[in-house]
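So the chains spell out like this:
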Amino acid sequence: MGRWRDGFGVLVVKPEGGEARRVPLEIASSYRARTKGLLGRDAVEGALLLTPANSVHTFRMRIPIDVAYLDRRLRVIAVRTMRPGRLGLPRVRARHVLEAEAGAMAGWGLTAGAQVEVDTESGGASGPTGAARSAGASGSSDSSGSSDSSGSSGSSASPDSSAS
């Protein structure tokens, strides 16, 4: 089982019945990067993936954000818009969280049931080696408490593909 490292990549959004979209992505997999999240930013270019994570908060944030909860296969469980100063409830099946500026996910066609992938090769991310990888993102904090930033080779596999 491999995990992504902090860095950059491309989020490939595959909406149900729609055309795939490529979005710039920042990956936050270390405890420090997940804790910082979008704090102190006035804007977000693309999306931020928090992994592992199953909840977020928007305390001390300056802007409202869209939050997408992803399962281990990178399928969207739910999408919510959160104003600053809110606490999101943990999602039991969520393994990753994506964050973006409010309204951005609707423009990408990202809704519950959509599939996403993470491509760290074309985005120049300092992540696991190998072909395109799938992953999810998260917000400013998570409740999982664990972090593993070790990389492994893989091709189009979710970081939790071997977990049950």
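Identification of the protein as DUF192 domain-containing protein from Streptomyces thermocarboxydovorans is taken from an unreviewed UniProt entry.

A. How the structure looks around the sheet that holds strand β5 (residues 76-82). Taken in spatial order, the seven strands line up as β5-β4-β6-β3-β2-β1-β7 in an open sheet, and their pairing is mixed. Either end of the sheet is taken by a strand with one partner, and the two such strands are β5 and β7 (115-119). For this sheet, the mean inter-axis angle between neighbouring strands, taken without regard to orientation, is 30 degrees. Note that strand β3 (residues 47-50) and strand β6 (residues 96-101) share three bridges and pair antiparallel. Following the sheet pairing, L50 is matched in β6 by V97.

B. Summary view of the packing of aromatic side chains. For the coordinates displayed, the defined rule picks out zero aromatic pairs. Of note, R91 hangs over the ring of Y69, and the distance from its end group to the ring centre comes to 4.9 Å.

C. Fine view of the environment of A114. Looking at where A114 falls in the secondary structure, it is placed in the loop between α2 (104-108) and β7. Judged by relative accessible area, which is 0%, A114 ranks as buried. Taking the C-alpha atoms as reference points, A114 and K14, 100 residues apart in sequence, are found 5.9 Å from one another. Once you skip the residues sitting within four places of it in the chain, A114 turns out to touch K14, P15, E16, L74, R75, V76 and G109.

Scoring rules and cut-offs
Residues numbered from 1 in each chain as written. Predicted model: local features only at pLDDT ≥ 70, side-chain atom pairs only at ≥ 80, totals over all residues. Heavy atoms only, no water. Pairing = 2+ DSSP bridges. Helix = DSSP H or I, 4+ residues; strand = E, 2+ residues; numbered from the N terminus. Axes fitted to C-alpha atoms, helices over the stretch in contact; angles between N-to-C directions. Phe/Tyr/Trp six-rings, centres within 6.5 Å; stacked < 30°, edge-to-face > 60°. Lys NZ or Arg CZ within 6 Å of the ring centre and 35° of its normal. Buried < 20%, exposed > 50% of the residue type's maximum accessible area, 1.4 Å probe, protein only. Contact = heavy atoms within 4.5 Å.

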